[in-house]
Amino acid sequence: MEEGSSTCLVLSQEVPKYLGDEYRSWHQKLVDVALDCDGLLEVNLLEPVSNIQNEWVQIFQFDTVAHLETFLGNNLLKDLIAFLEKKFSVEVVSQVVAGADQLTVPVTIVISKKVKPKFFREYMQWQKEIDKALKKYPGFLGAGLTKPIKGVQEEWVAIFRFDSNKHLDSWLNSDEHRRLVKRGEGFFEDVKIKRIGHGFEDWFSRARGRAQDTAPSQWKMAMLILLMLYPIVMVITIWLLPLVESWPFATTNFFINLLIVASLTWVAMPLITRTFNIWLSDKSGKLTKINTIGTLIIIVLYGVSIMLVAWLSSLNLR
């Protein structure tokens, strides 16, 4: 295990999904311990998926083995894990994954399909072919199929899961997938597809160790993105852009956007979401003390950013 490589602690526990809210609250206590340790890069909480994955999985990624060892040696962490085992009467399985740069976060596709009654048999045969084909593709974790429930839902719901977006895209973009989809087009009255992936909300939910359905208000996300995006763009524009002006226009823009996205995703957003964690957690939509103070602080920081950028610009022109 290399001292300088990023490393993960993976905790898994088979807890009924209906206890999800309670489990998330205890997960957040572990996240709070991790946030007090140096070198934390990322936190993920993977929820159970019916017929695919029974366990809740917590992933804590650190930049070095030494920092992970400090986290593992934390007495509060040990007490919390022991409490989780006692409370839910299920062992917490822990595993350390070295070289965690290669660790990927599973991605799930949920497809709701209203099948035309006259094509029921054809659909069932077609679905079996889909399931058989899926098993041949790298990274496939499992699939599930839920039948319509009279009076509740009319659709068939298919769920399949891959270990990474890369492997999922490999399946979705394959000739075999296109052929099967084309053959099954006539079986359905309506199809809805939901991909559980990473958008702006995930910058917040992953950095704060929460499930995506607990993402903060859109206006708060927008305020923090702007707070981080503006100085990053301006610093790159003032100091870096002149160095690459001789590059082809398309190449320059791609490089600049790559830097901006990387800076936001792995540096700026994790830092700012931890800093404003209490403010983000208040989703009441009311003029509470926390909402008011947090919003005012961000507005002040906007002004500070503008003044700093103006000052840096003046230095650059001299």
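Residues numbered from 1 in each chain as written. Predicted model: local features only at pLDDT ≥ 70, side-chain atom pairs only at ≥ 80, totals over all residues. Heavy atoms only, no water.

### A few points about helix α2 (residues 65–72)
Because an α-helix completes one turn every 3.6 residues, residues spaced three or four positions apart along the sequence face the same direction. This is how the line gets drawn: Each residue's exposure class comes from its accessible area (1.4 Å probe, protein chains only) as a fraction of the maximum for that residue type: buried when under 20%, exposed when over 50%, partly exposed otherwise. Helix numbering and strand numbering both begin at the N terminus, where a helix is a DSSP run of H or I of at least 4 residues and a strand a DSSP run of E of at least 2. It is the directions from the helix axis to the C-beta atoms that the arc portrays.
If you check which residues of α2 are buried, you get Val 65, Leu 68 and Phe 71. Along the axis of α2, the buried residues cluster in a sector spanning 115°; they form a single face. Projecting away from the buried face of α2 at angles above 90 degrees are the exposed residues Glu 69 and Thr 70.

### Concerning the confidence of the model for the protein chain
Where we set the bar: Confidence scores per residue from the predictor, reported as pLDDT, run from 0 to 100. Contact criterion: two residues are considered in contact whenever any of their non-hydrogen atoms come within 4.5 Å of each other.
Put simply, the protein chain has an average pLDDT of 80, and 83% of its residues get 70 or more. Residue range residues 197–203 is modelled with pLDDT below 50. Its contacts to residues more than four positions away, or to other chains, number 18 contacts. Note that pLDDT drops below 50 for residues 206–214; the model gives that stretch 36 contacts with residues more than four away or on any other chain.

### Concerning the packing of helix α1 (residues 20–35) against helix α3 (residues 75–88)
Rules: In this analysis an axis means a line fitted to C-alpha atoms, helices contributing only their contacting stretch, and an angle means the value between N-to-C directions, from 0 to 180 degrees. Oblique is the label for every angle not falling under 35 degrees (roughly parallel), over 145 degrees (roughly antiparallel), or within 65 to 115 degrees (roughly perpendicular). Should the near helix be turned anticlockwise from the far one by less than a right angle, the crossing is termed left-handed; should it be turned clockwise, right-handed. Any residue that is not Ala, Val, Leu, Ile, Met, Phe, Trp, Tyr, Cys, Pro, Asp, Glu, Lys or Arg is counted as polar, Gly included; the first ten are nonpolar and the last four charged.
Closest axis-to-axis distance for the α1/α3 pair is 9 Å, and the angle between their directions is 165°. Put simply, α1 runs roughly antiparallel to α3. Crossing angle aside, the handedness with which α1 passes α3 is left-handed. Across from Glu 22, Tyr 23, Trp 26, Lys 29, Leu 30 and Val 33 in α1, the residues of α3 making contact are Leu 76, Leu 77, Leu 80, Ile 81, Phe 83, Leu 84, Lys 87 and Phe 88. Looking at the contact of α1 with α3 residue by residue, the classes come out as eleven nonpolar, no polar and three charged.

### Brief notes about the environment of Pro 231
Mapped onto the elements, Pro 231 comes out in helix α8 (residues 218–240). The sequence separation of Pro 231 and Ser 305 amounts to 74 residues, and the corresponding C-alpha distance is 6.5 Å.

### Regarding the packing of aromatic side chains
Let me state the cut-off plainly: Only Phe, Tyr and Trp rings take part, Trp by its six-membered ring, and two of them pair if their centres are within 6.5 Å. Stacked means planes under 30 degrees apart, edge-to-face means over 60, and tilted covers everything else. Criterion for a charge above a ring: Lys NZ or Arg CZ within 6 Å of the ring centre, and within 35 degrees of the ring normal.
For the structure on display, the rule yields 19 aromatic pairs. Relative to Phe 71, the ring of Phe 60 lies with its centre 5.3 Å away and its plane at 45°, an arrangement referred to as tilted. One end of the pair, Phe 60, is in strand β3 (residues 56–62); the other, Phe 71, is in helix α2, and eleven residues separate them in sequence. In this pair, the class of Phe 60 matches that of Phe 71, namely buried. In textbook terms, an aromatic cluster arises when at least three aromatic residues are bridged by ring pairs, as seen for Phe 119, Phe 120, Tyr 123, Trp 126, Trp 156, Phe 187 and Phe 188. Across from the ring centre of Trp 26, 5.0 Å away, lies the NZ or CZ of Lys 29, which sits over that ring. One cation-aromatic arrangement involves Lys 220 over Trp 279; the distance from NZ or CZ to the ring centre is 4.8 Å.

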